[in-house]
Amino acid sequence: MEKAFDPSLIEKDLYAQWEAQGCFKPSGTGDPYCIMIPPPNVTGSLHMGHAFNNTIMDALVRYHRMKGHDTLWQVGTDHAGIATQMLVERKLEGQGVSRHDLGRDAFIDKVWDWKAESGGNITGQLRRLGSSVDWSRERFTMDEDLSRAVQEVFVQLHQEGLIYRGKRLVNWDPVLKTAVSDLEVENEEENGHIWHLRYPLSDGSGELVVATTRPETMLGDQAVAVHPEDERYAALVGKTITLPLVGREIPIIADDYVDPEFGTGCVKITPAHDFNDYEMGKRHDLPMLNVLNDDASINVHAPEKYQGMDRFEARKAIVADFEAAGLLVEVKDHRLPVPRGDRSGAVLEPYLTDQWYVAVAELAKPAIEAVENGDIEFVPKQWENTYFAWMRDLQDWCISRQLWWGHRIPAWYDEAGNVYVGRSEAEVRQQNDLGDRVLTQDNDVLDTWFSSALWTFSTLGWPDETPELAKFHPTDVLVTGFDIIFFWVARMIMMTLKFRGEVPFKKVYVHGLVRDGEGKKMSKSKGNVLDPIDLIDGIDLETLVQKRTGNMMQPQMAKKIEKATRKEFPDGIDAFGTDALRFTFAAMASTGRDINFNLERVAGYRNFCNKLWNATRFVLMNVEGADLTQTEELKPSLVDRWIVSRLQAVEAEVERAFANLRLDMAAQAIYEFIWNEYCDWYLELTKPVLNGEASEAEKAATRRTLMAVLEAALRLAHPIMPFITEEIWQTVAPRLAQGGDSISQAPYPQAESGKIDPEADAAVAWLKSTVVAVRTIRGEMNIPPSKKLTVLLNAGDAQDRELATTCETWLKSLAGVAELSWLDGAEAPVSSMGVVGEMEVLVPMAGLIDAEAEIARLSKEVTRLEGDIQRTESKLSNEKFVSKAPAEVVDKEKAKLADAKATLDRLQAQVVKLNTL
RNA sequence: GGGUCCGUAGCUCAGUUGGUUAGAGCGCCACGUUGACAUCGUGGAGGUCGGCAGUUCGAAUCUGCCCGGACCCA
């Protein structure tokens, strides 16, 4: 084995082996266990969120597979309508071609080409993470099978009246020229203005002043509204004003919606360009006049002067014209929420169009109940509140998109504009008896989330009743970030309950977002993005700077980002390997909070991998040539029994952690066991046995225990760090005659209560305390490790005597002790002292220790003990504590007090003695 | 405006039904290269658990208010 662990030498080969051996396919035996991957964008690339998300899923999947479950991790990718279309359009733009130049079919071909070219990127990166997905079952949301499911769902919902077509206001993205759903709108407060405009009464008797943040919409105004009880305007209701610049005569109406306190109490009403105004327009039967084109330029319904102007250009022109006409009262700075598209970043417009909607009220009801009655459980639980709040206030879901890339809506129109919905044009013709009437299919495609809402069952073969569907659905747990609870999780629950009559998953594990070290969201524009692959393979500074500053939307940020990057990573990023990265994510995956990712932590777990690697080298070196398969004639020592006992404890702890989806606790337990118990203590304790005068039976037992515990620890750690554990296991397991091609197929370690050994636990606890007592003196007195000590034991009971005899070799070896003996009533030489229970551990000072320093050291300890004693005494003298606290707690306090007092006495006596020198 | 979460050592975070000497990693200080590992070992320093009240024999943990920060919805 190499002296240091080098992940780059093993990872790729091992993954290829696993895949070739079919390790990730369901075994066909045991209870089913299934996780559905949240399908990443097919043309996307892996970011830290994916890496976190997949680490959690893979750990769970590998754990359950090793536990003997029939485990399926279903993999696949999403066609990501808008995102993918935008990307391909931008690429074409670079060649000077627009999608309209190509036409629909040719453009879609281009997208498929791009998918073929780049679609392997994300799946390759999933492999780099070690994700044990079943690649033989890989699906894509636009596959024929999945498209069939989409169509089926659409048609059935339409038949039941739960999908309908309607003309109403939608959020319109004028850059992408498509409708988007409410969820795709991001409202952010921005600096703007509010304009007060004068609207003259038609009869010339006066004017009203209205306030608006979007003056250009006045071109579509259909009324001015006031509050019905607003006395200032009561007399005007029913009169009309003449709309400036336009000349249209529009009524003054009264409506409760108007807030008389806000502005002047008069509101201009533009039903076709504002959601509130739209509702009011319907109440008052106002005309809906659309004054915008689909790119948000002014259309032909406005006065000619403004036609063709962009909306913001028109805004300026209109304000100028109001001012020129003396109709502008004032302009004020104003903070206002601005709706932007989450993909394009463009300011959205409420826009009157025909769209397809899902009526969600009826679907939401059972979806709420499923969570209320516990069929679906969110972890952590508080997300259920978020879910309920959203589900109880759902608006119908706009599912049509004016894009080309996606599932085309299965609806056809005849020349009279009648709509027919069906699985195909032929079916539509036949069912509606249309003969050879000319039909054209709806041009729109479905929202991407429509197909991903079906993911848990469409990937398993629905609408066919496949064996996989019967076996693996409902799935066990959905692992996801909270950012897509509404987009995806809620919709999956609704659709699955509707079409399967069962929940899509029993649990939803909601994890946090991966942020940068300072807690800021990672984004290209901030230049703080880390690429998980760079953490695995490493990256030099120049390449990293290039990556972060190249191809920026705002090139002016590049300098700043470059500077920050050079400062943060002066030497680039080390190659930490996949296992270290995964261990970091696992260790930080505590109860759903965001994680601030810091590299020091990854480096720490890289070191942990190296520790495990080197411990293995030590073990293998010590068992070279030995037969480890015979288990008779072995004489396990106390410490052999102890480490086996500890192994049971950690196995139980890890099991508990996995059951509660607490990967951080599992990781922590594994880390502590391997490093702090197995390496720091056990390996050190085997040295005097293997290199000393122990019998062959004792040595053989120790060799076997070294290997057996290592082998079990590898299996224990495998779900979190699959590569290094596999690599080592393939060497270790055969030596123990434990077969199998892969650790991923080996059984998960299971605690056996019979192997818990209280006697060994107590003995080693004593040994450790005694060793530490000597080491503390050595450390604090700056005695170099090379200086072997004489140690005297004093006081103590029969058990201390027995343990001192049993543990002598270990004690001497670990504490660097040359001579160990009992004082047996003799006058103690001047010594530095430690106390273990009733026993004094004395290191004679002659030439080694400065009395002053020792007095200071002991005095500090005395002060601490006195504080402890005082606190405990006051507790115990409190009658209420003694009478009300459980006896167990009281006894514990009493024991603590006695112990502290005894120790204090010894230390004080020692201080007195040293002072008399 | 409604809601959620967070505030524990210099930094990043654990702390499961209230009872621990409040922990870990990194960083810091000292000593150290005895053949697993300097990607290391040993020892040490460092916290009135954001603040104030309250419940309780007992509060980092439960309740209320306040301060500070993040996010979601409107």
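It should be emphasised that the depicted structure is a prediction, and the values quoted were computed from it without experimental measurement.

Conventions adopted
- Residues numbered from 1 in each chain as written.
- Chains lettered and ligands numbered in written order.
- Predicted model: local features only at pLDDT ≥ 70, side-chain atom pairs only at ≥ 80, totals over all residues.
- Heavy atoms only, no water.
- Pairing = 2+ DSSP bridges.
- Helix = DSSP H or I, 4+ residues; strand = E, 2+ residues; numbered from the N terminus.
- Near = heavy atom within 4 Å.
- Polar contact = N/O pair within 3.5 Å; in protein donor to acceptor, adjacent residues only side chain to side chain.
- Nonpolar A, V, L, I, M, F, W, Y, C, P; charged D, E, K, R; others polar.
- Salt bridge = Lys/Arg side-chain N within 4 Å of Asp/Glu carboxyl O.
- Buried < 20%, exposed > 50% of the residue type's maximum accessible area, 1.4 Å probe, protein only.
- Core = buried A, V, L, I, M, F, W, Y, C linked by side-chain atoms within 4.5 Å.
- Contact = heavy atoms within 4.5 Å.
- Arc of directions from axis to C-beta.
- Expected span 1.5 Å × (residues − 1).
- pLDDT = per-residue confidence, 0-100.
- Phe/Tyr/Trp six-rings, centres within 6.5 Å; stacked < 30°, edge-to-face > 60°.
- Lys NZ or Arg CZ within 6 Å of the ring centre and 35° of its normal.
- Axes fitted to C-alpha atoms, helices over the stretch in contact; angles between N-to-C directions.
- Parallel < 35°, antiparallel > 145°, perpendicular 65-115°, else oblique.
- Left-handed = near helix turned anticlockwise from the far one by under 90°.

**Let's talk about the sheet that holds strand S19 (residues 419–421)**
Read from one edge to the other, the open sheet built from three strands follows the order S19-S18-S20, with strand pairing classed as antiparallel. Whereas interior strands pair on both sides, the edge strands pair on one side only; in this sheet they are S19 and strand S20 (440–441).

**Re the protein's contact with RNA strand B**
Close to RNA strand B lie 48 residues, the nearest being Ser-590, Arg-662, Trp-675, Phe-881 and Lys-884. By atom count, sugar and phosphate contribute 71% of the portion of RNA strand B lying within 4 Å of the protein. In this structure, Lys-687 approaches RNA strand B through a side-chain N or O atom, which is 3.3 Å from a phosphate oxygen. Among the elements of the structure, helix H20 (599–622), helix H22 (663–691), helix H25 (758–780), helix H28 (851–877), helix H29 (879–884) and helix H30 (887–915) are those that each provide at least two residues to the surface near RNA strand B. If one sorts the elements of the surface near RNA strand B by residue count, H20 sits on top with 10 residues. Classifying every residue of the surface near RNA strand B gives 16 nonpolar, 12 polar and 20 charged.

**A few points about the pattern of salt bridges**
The full count for this structure, using the stated rule, is 62 salt bridges. We note a salt bridge from Arg-582 to Asp-58, for which the minimum N-O separation is 2.7 Å. Placement of the pair is Arg-582 in helix H19 (residues 578–588) and Asp-58 in helix H2 (residues 48–66), with a sequence separation of 524 residues. Residue Arg-582 shares its accessibility class with Asp-58, and that shared class is buried. Lys-332 serves as the salt-bridge partner of Glu-330, at 3.8 Å between the closest nitrogen and oxygen. A relative accessible area of 41% places Lys-332 in the partly exposed class. Within the structure, one salt-bridge network assembled from shared partners comprises Arg-165, Lys-167, Asp-354 and Asp-442.

**Focus: the nonpolar core**
Counting 226 residues, the largest nonpolar core has Leu-60, Phe-378, Met-391, Phe-450, Phe-597 and Tyr-678 as the members making the most contacts within it. Among the elements that take part in this core, H22 stands out by supplying 15 residues, more than any other. The residues contacting Phe-597, other than those within four sequence positions of it, are Met-48, Val-514, Arg-515, Asp-516, Gly-517, Met-522, Leu-530, Leu-535, Leu-581, Thr-584, Phe-585 and Val-602. Of all hydrophobic cores here, the second largest spans 37 residues; its members include Val-226, Ile-298, Ala-302 and Leu-328.

**What about the side chain of Thr-705?**
One can find Thr-705 in helix H23 (residues 696–717). For Thr-705, a relative accessible area of 9% gives the class buried. Looking at Thr-705, its side chain comes within polar contact range of the main-chain oxygen of Ala-701, at 2.6 Å. If we ignore the near neighbours within four places in the chain, the residues touching Thr-705 are Asp-640, Ile-643, Val-644, Tyr-682 and Leu-710.

**Re helix H18 (residues 558–568)**
Note: α-helices contain 3.6 residues per turn, so residues at a spacing of three or four share the same orientation. Within the span of H18, buried status applies to Ala-558, Ile-561 and Thr-565. What you see down the axis of H18 is that its buried residues fit within an arc of 65°, all on one side. Opposite the buried face of H18, by more than 90 degrees, sit the exposed residues Lys-559, Lys-560, Lys-563 and Lys-567.

**Notes on H30**
Its 29 residues give H30 an end-to-end C-alpha distance of 42 Å, which sits within 8% of 42 Å, the value for a rise of 1.5 Å per residue. Along H30, the residues that are buried comprise Val-890, Glu-893, Leu-897, Ala-900, Ala-902, Thr-903, Leu-904, Arg-906, Leu-907, Gln-910, Val-911 and Leu-914. Buried residues belonging to H30 abut strand S26 (789–795), strand S28 (831–836), strand S29 (839–844), H28 and H29.

**A look at the confidence of the model for chain A**
Any segment with low pLDDT has predicted coordinates that should not be analysed in fine detail. The predicted model of chain A has a mean per-residue pLDDT of 90, with 100% of residues at 70 or higher. Here the predicted complex carries an ipTM of 0.95, next to a pTM of 0.92.

**Some thoughts on the packing of aromatic side chains**
In total, this model carries 34 aromatic pairs according to the counting rule given. Seen in terms of ring centroids, Trp-383 and Phe-482 are 5.1 Å apart; in terms of plane orientation they differ by 10°. Their pairing is stacked. Here Phe-482 lies in the loop between strand S22 (475–481) and helix H15 (485–500) and Trp-383 lies in helix H10 (residues 383–391), a separation of 99 residues in the sequence. On the basis of relative accessibility, which here comes to 26%, the residue Phe-482 falls in the partly exposed class. Taken together, the ring pairs connect Phe-583, Tyr-605, Phe-608, Tyr-671 and Trp-675 into an aromatic cluster. In this arrangement the basic side chain of Arg-168 is found over the ring face of Tyr-357, its NZ or CZ atom lying 4.5 Å from the centre.

**Some thoughts on the packing of H22 against helix H27 (residues 808–815)**
At a closest axis distance of 9 Å, the pairing of H22 and H27 adopts a crossing angle of 115°. Put simply, H22 runs roughly perpendicular to H27. Between H22 and H27 the crossing geometry is right-handed. Of the residues in H27, those in contact with Trp-681, Glu-684, Leu-685, Pro-688 and Val-689 of H22 are Thr-809, Trp-810, Ser-813 and Leu-814. Residues that form the contact of H22 with H27 fall into these classes: six nonpolar, two polar and one charged.

**Things to note about the pairing of strand S9 (residues 223–226)**
The alternating pattern of S9 places Ala-223 and Ala-225 on one face and Val-224 and Val-226 on the opposite face, and all of these are buried. Where S9 meets strand S12 (residues 267–269), three bridges bridge the pair, whose relative direction is antiparallel. Each bridged residue has a counterpart across the sheet, and for Ala-225 the counterpart in S12 is Val-267. Here S9 runs beside strand S11 (residues 249–254); their pairing, made up of three bridges, is parallel. Looking at the pairing, Val-224 lines up with Ile-252 of S11.

**Considerations on the environment of Val-772**
Inspection of the secondary structure assignment puts Val-772 in helix H25. On the basis of relative accessibility, which here comes to 37%, the residue Val-772 falls in the partly exposed class.

**Comments concerning the sheet that holds strand S7 (residues 185–200)**
Strands sit in the order S8-S7-S13 across an open sheet of three strands; the sheet is antiparallel. Only two strands of the sheet have a single neighbouring strand rather than two, namely strand S8 (207–212) and strand S13 (328–341). Between one strand axis and the next, the sheet turns by 20° as a mean value, whatever way the strands run. Where S7 meets S8, six bridges bridge the pair, whose relative direction is antiparallel. In the strand pairing of S8, Pro-200 is matched with Glu-207. This element, helix H8 (residues 311–324), spans S7 and S13 of the sheet and lies at about 25° to S7.

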